[in-house]
Amino acid sequence: MMKSETSKNNEQQLKNASNAALASLLNLTILPVISFIALLFIYKKTQPGNIDHYHAVLGIKINITAALALFLVSTLMIVLGGFHSPWTWVYVITYFTIVHTIFIVFAIWALVRSWSGDKLRSKHN
Amino acid sequence: MKYQSQSIAKLYFIAAIGLFVGQILFGVTLGLQYVIGDFLFPEIPFNVARMVHTNLLIVWLLFGFMGSAYYLVPEESERELYAPWLAKLMFWIFLIAGALTILGYLMVPYATLAEITMNDLLPTMGREFLEQPTITKIGIVIVALAFLFNIGMTILTGRKTVISLVLLTGLIGLAVFFLFSFYNPDNVVMDKYFWWFVVHLWVEGVWELIMAAMLAYVLIKVTGVDREVIEKWLYIIIAMALISGLIGTGHHFFWIGAPDYWQWLGSIFSAIEPIPFFMMTLFAFNVVNKRRRDHPNKAAVLWALGTAVMAFLGAGVWGFLHTLAPVNFYTHGTQITAAHGHMAFYGAYVMVILTMISYSMPLMRGKQAGNARAQVIEMWSFWLMTVAMVFITLFLTGAGILQVYLQRYSDTPLGFMATQDKLEIFYWAREGAGVIFLIGLFLYIYSFFAKGEDVVMPEAAVAS
Ligand code: HEM
Ligand code: HEM
Ligand SMILES: [Fe+2]
């Protein structure tokens, strides 16, 4: 009895973890804001120390860092470089595209790790 | 290597790498001509060097695809190649035809080449990527048919796997769409349609099937993950590729005189095109994460992962960047296009062939994997070429944005050449990155000759 209880628990955790990682990836790509709210809801359902908690926190961290790195830095570039300078846009668009992509690729890896119930670092096999 | 006839791939791969070197030498020549306008003029004018650069690319990718198929198909079909002699014969025909064509570009003016190859009888020359004389095009068709017959018979009389069938479908598509290059209507709008039916339906359609099949094959081999898992992914990837890619052709019909609705159709469907590339990244990451063994060929795993990521970047992200009609209105035909063209071709098709070569070449030379030192050198070459390509892309993107602003967006637009003068710094930087790329390529070739100790894997890791 106990055993099936824990395995049910694990299954739920795995599901939460992959949903969290998916929400994080969606927030970075085609469904911003809404996905972040969903991610926060998933986070609220999780317990510290569990894998779903880990992935919810990771997702929140990735997205907050991405928001800062993308919007804050881009805004700074525009403010400092001037809205009407072509060079501002050279930097902003190139920077935004490549950095955004790096975050997306990172979130894809996180998603894959959540599917196998792993943390980013812990060794699989 | 389980079947003797697989080793025919080696011939194809050696030729592919040789032509790759030629392609890059002309690339850095072009890059220099961008900043030193009369460099090598009149011996090798820019337009000729450009044609040689792009044609060598296409030809060596075709060598790479054929070599990969000759390696992959016997093993998947669990039998020897149907007609190994035919594969060898076609190799020499293709190589000689290819070499003669390139020499033709370099030795005589293009108009003269058209004349001596009797282009008038069936005019097909003059369109980018498809500049080959008609006679060469006919040669390509013959080689392609013999090739399809050979691997088709091998597949049909052997074990049929999802991988080999997807590969075959892609290769048949490649040959069929090439036939559009024989139709050269006078009406320029029609002409553009048919040109894109080759170029776009290749790289954003059937070539994606070839790529997905080859990537799946190598991933099964190096990770030991179950075929069933991989096959499910393949189905979704190819379905997404075809659904988005076919109507996505419309992103080339925005400004050529085609009906307006293409702006909607092209924008919407091509906006979905990044998905198959995204799925390939997800797929490759997933399979490597779930691997059941550590393969001694670390370099091949690196190439496979690199392909998945760089194809997503070059095709998916840099494609999406300029694919919506309101954006493309400004960026059409600028350096943004060149930035995307470079990273997409490199990230998807160059890298997937290098992945196949990396995996199969040691096996054809009687080893599981290259020796430790060779692999380190190969991985260095991976990083040099890949990072150099990222920088080429970034510099061209910067150049493209400035170009759009100065020439098309500004209230007081500059002329084309006045704008080009302002982009010089980017072109120098691109040339620098190009030289790094060339160094990476030389290192890559050196890795095949480097001596060192064999990689021995702990028994358990290999067996499981
Ligand atoms: C591996 C796949 C791909 C390759 C190798 C590739 C390569 C190229 C090349 C070489 C060109 C320039 C053609 C020319 O005018 O000479 C081009 C144009 C273009 N590509 Fe791609 N591409 C790929 C995928 C994509 C994807 C997935 C998208 C969209 C999401 C896309 C969007 C575009 C657009 C909009 C243009 C036209 C640019 C213009 O108007 O000047 N490409 N591509
Ligand atoms: C594997 C690596 C490479 C690939 C796959 C590649 C591919 C291509 C393609 C597809 C085009 C046509 C682009 C278009 O129509 O928009 C092109 C043109 C060109 N490439 Fe490359 N290339 C490579 C390496 C290089 C390198 C290393 C350089 C130089 C540093 C270079 C310089 C050029 C130049 C200057 C053009 C002409 C662009 C123009 O007409 O404005 N390429 N290349
Ligand atoms: Fe296209």
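Looking up chain B in an unreviewed UniProt entry gives the name Nitric oxide reductase subunit B, with the organism given as Cocleimonas flava. Word for word, the UniProt comment on chain B under Function (unreviewed entry) is "Component of the anaerobic respiratory chain that transforms nitrate to dinitrogen (denitrification). NorB is the catalytic subunit of the enzyme complex. Shows proton pump activity across the membrane in denitrifying bacterial cells. The mononitrogen reduction is probably coupled to electron transport phosphorylation." The UniProt entry for chain B carries the following comment under Subcellular location (unreviewed entry): "Cell membrane".

Identification of chain A as DUF4870 domain-containing protein from Cocleimonas flava is taken from an unreviewed UniProt entry. Looking at chain A in UniProt, the text filed under Subcellular location (unreviewed entry) is "Membrane".

The next point concerns the coordination of the iron atom of ligand 2. All names here are of chain B. The iron atom of ligand 2 binds to the protein through His-53 (NE2) and His-342 (NE2), with metal-donor distances spanning 2.0 Å. Note that the iron atom of ligand 2 binds six donor atoms; their angles at the metal cover 86 to 177 degrees, and the shape is octahedral. Placement of His-53 in helix α2 (residues 46-77) and of His-342 in helix α13 (residues 335-364) is noted, with a sequence separation of 289 residues between them. The class of His-53 is buried, set by a relative accessible area of 12%. In this structure His-342 comes out as partly exposed when scored by relative accessible area, which is 29%.

To continue, consider empty space enclosed by the protein. Residues and elements named next belong to chain B. Within this structure, the stated rule accounts for four cavities of 30 Å³ or more. Here the largest cavity defines a volume of roughly 80 Å³. Along its surface, the largest cavity is lined by Asn-55, Val-59, Phe-94, Ala-97, Gly-98, Thr-101, Ile-102, Tyr-105, Gln-132, Thr-136 and Ile-140. If you list the elements that add at least two residues to the lining of the largest cavity, you get α2, α3 (84-107) and α5 (134-156). With six residues, the single largest contributor to the lining of the largest cavity is α3.

Let us now look at the site of ligand 2. All names here are of chain B. Tyr-34, Arg-50, His-53, Glu-128 and His-342 are the nearest of the 25 residues found near ligand 2. Separating a nitrogen atom of ligand 2 from a side-chain N or O atom of Gln-23 is a distance of 3.5 Å. His-53 places a side-chain nitrogen or oxygen 2.8 Å from a nitrogen atom of ligand 2. Contributions of two or more residues to the shell around ligand 2 are made by α1 (8-35), α2, α13, α14 (372-409) and α16 (424-447). A per-element tally of the shell around ligand 2 places α1 first, with eight residues. Class assignment for the residues of the shell around ligand 2 results in 14 nonpolar, seven polar and four charged.

Moving on, we come to the site of ligand 1. Residues and elements named next belong to chain B. Around ligand 1, 27 residues are found, and the nearest of them are Glu-128, His-332, Gly-333, Thr-337 and His-340. With respect to ligand 1, the backbone of Gly-333 contributes an N or O atom lying 2.7 Å from an oxygen atom. A distance of 2.7 Å is found between an oxygen atom of ligand 1 and a side-chain nitrogen or oxygen belonging to Thr-337. Breaking the shell around ligand 1 down by element, the ones donating at least two residues are α7 (188-223), α10 (274-289), α11 (298-321) and α13. In terms of residue count, the dominant contributor to the shell around ligand 1 is α13 (seven residues). Taken together, the residues of the shell around ligand 1 break down into 12 nonpolar, 12 polar and three charged.

Let us look at the packing of α7(B) against α11(B). Residues and elements named next belong to chain B. Relative to each other, α7 and α11 sit at 145 degrees, their axes nearing to 10 Å. Regarding α7 and α11, the two cross each other, and that crossing is left-handed. Judged by residue contacts, Met-211, Leu-215, Leu-219 and Val-222 of α7 engage Ala-300, Val-301, Ala-304, Thr-307 and Ala-311 from α11. Tallied by class, the residues present in the contact of α7 with α11 amount to eight nonpolar, one polar and no charged.

Ranked by internal contacts, the top residues of the largest apolar core, which has 190 residues, are Phe65(B), Trp202(B) and Trp207(B). With 25 residues, the top contributor of residues to this core is α7(B). Apart from residues no more than four positions distant in its own chain, Phe65(B) is found in contact with Leu171(B), Leu174(B), Trp207(B), Ile210(B), Met214(B), Tyr349(B) and Ile353(B). Core analysis: the next-biggest nonpolar cluster, separate from the first, contains six residues, Ala20(A), Ala23(A), Leu39(A) and Ile42(A) among them.

In this section: helix α2 (residues 34-45) of chain A. Residue and element names in this part refer to chain A. Taking 1.5 Å of rise per residue, the 12 residues of α2 would be expected to cover 16 Å, and the 17 Å separating its terminal C-alpha atoms lies within 8% of that figure. Turning to α2, its buried residues are Ser-35, Leu-39 and Ile-42. What you see down the axis of α2 is that its buried residues fit within an arc of 60 degrees, all on one side. Among the exposed residues of α2, those pointing more than 90 degrees away from its buried face are Ile-34, Phe-41 and Lys-44.

Turning our attention to the packing of aromatic side chains. By convention here, two paired aromatic rings are described through the distance between centres and the angle between planes. Residue and element names in this part refer to chain B. Counted under the stated rule, the structure contains 54 aromatic pairs over all chains. Ring centres of Trp-207 and Phe-345 lie 6.4 Å apart, and the angle between their planes is 75 degrees; on these two criteria the pair is classed as edge-to-face. Here the residue Trp-207 occupies a position in helix α7, and Phe-345 occupies one in helix α13, the gap between them amounting to 138 residues. An identical accessibility class is assigned to Trp-207 and Phe-345; each is buried. Among the aromatic residues, those joined into a ring-pair cluster are Phe-65, Phe-129, Phe-178, Phe-182, Trp-195, Trp-196, Trp-202, Trp-207, Phe-345 and Tyr-349. We note Lys-192 situated over the ring of Trp-195; from NZ or CZ to the ring centre the distance is 4.8 Å. In this structure, Arg-430 packs its charged tip against the face of Tyr-34, placed 4.7 Å from the ring centre.

Let us look at the UniProt feature "transmembrane region" (unreviewed entry) in chain A. Residues and elements named next belong to chain A. The positions UniProt marks with the feature "transmembrane region" (unreviewed entry) are residues 20-43, 64-83 and 89-112. Between the C-alpha atoms that bound residues 64-83 the distance is 25 Å, and the span itself is 90% helix and 0% strand. The span residues 89-112 is 100% helix and 0% strand, and its two end C-alpha atoms sit 34 Å from each other.

Tallying the contact residues gives 26 residues for chain B and 24 residues for chain A. The contact between chain B and chain A buries some 2200 Å² in all, and 80% of this surface belongs to carbon and sulfur atoms. Counting every contact that joins chain B to chain A gives zero salt bridges. Inspection of the region where chain B meets chain A yields four residue pairs in polar contact (both at pLDDT 80 or more). Every element with two or more residues in the side of chain B that touches chain A is listed here: α10, α11, α14 and α16 of chain B. Counting residues per element, the side of chain B that touches chain A draws most heavily on α14(B), which supplies eight residues. In terms of residue class, the side of chain B that touches chain A is made up of 18 nonpolar, five polar and three charged.

The rules behind each value
- Residues numbered from 1 in each chain as written.
- Chains lettered and ligands numbered in written order.
- Predicted model: local features only at pLDDT ≥ 70, side-chain atom pairs only at ≥ 80, totals over all residues.
- Heavy atoms only, no water.
- UniProt positions renumbered as here; feature names shortened; annotations may be inferred.
- Donors = N, O, S within 2.8 Å, 3.2 Å for Na, K, Ca; no water.
- Tetrahedral: all angles 85-135°; square planar, octahedral: opposite > 155°, others 65-115°.
- Helix = DSSP H or I, 4+ residues; strand = E, 2+ residues; numbered from the N terminus.
- Buried < 20%, exposed > 50% of the residue type's maximum accessible area, 1.4 Å probe, protein only.
- 1 Å grid on protein atoms, 1.4 Å probe; cavity = no way out; pocket = protein on both sides within 12 Å on 5 of 7 lines; lining within 4 Å.
- Points joined across faces, edges and corners; volume = space filled by probe spheres on them.
- Near = heavy atom within 4 Å.
- Polar contact = N/O pair within 3.5 Å; in protein donor to acceptor, adjacent residues only side chain to side chain.
- Nonpolar A, V, L, I, M, F, W, Y, C, P; charged D, E, K, R; others polar.
- Axes fitted to C-alpha atoms, helices over the stretch in contact; angles between N-to-C directions.
- Left-handed = near helix turned anticlockwise from the far one by under 90°.
- Contact = heavy atoms within 4.5 Å.
- Core = buried A, V, L, I, M, F, W, Y, C linked by side-chain atoms within 4.5 Å.
- Expected span 1.5 Å × (residues − 1).
- Arc of directions from axis to C-beta.
- Phe/Tyr/Trp six-rings, centres within 6.5 Å; stacked < 30°, edge-to-face > 60°.
- Lys NZ or Arg CZ within 6 Å of the ring centre and 35° of its normal.
- Buried area = accessible area lost by both parts, 1.4 Å probe.
- Salt bridge = Lys/Arg side-chain N within 4 Å of Asp/Glu carboxyl O.

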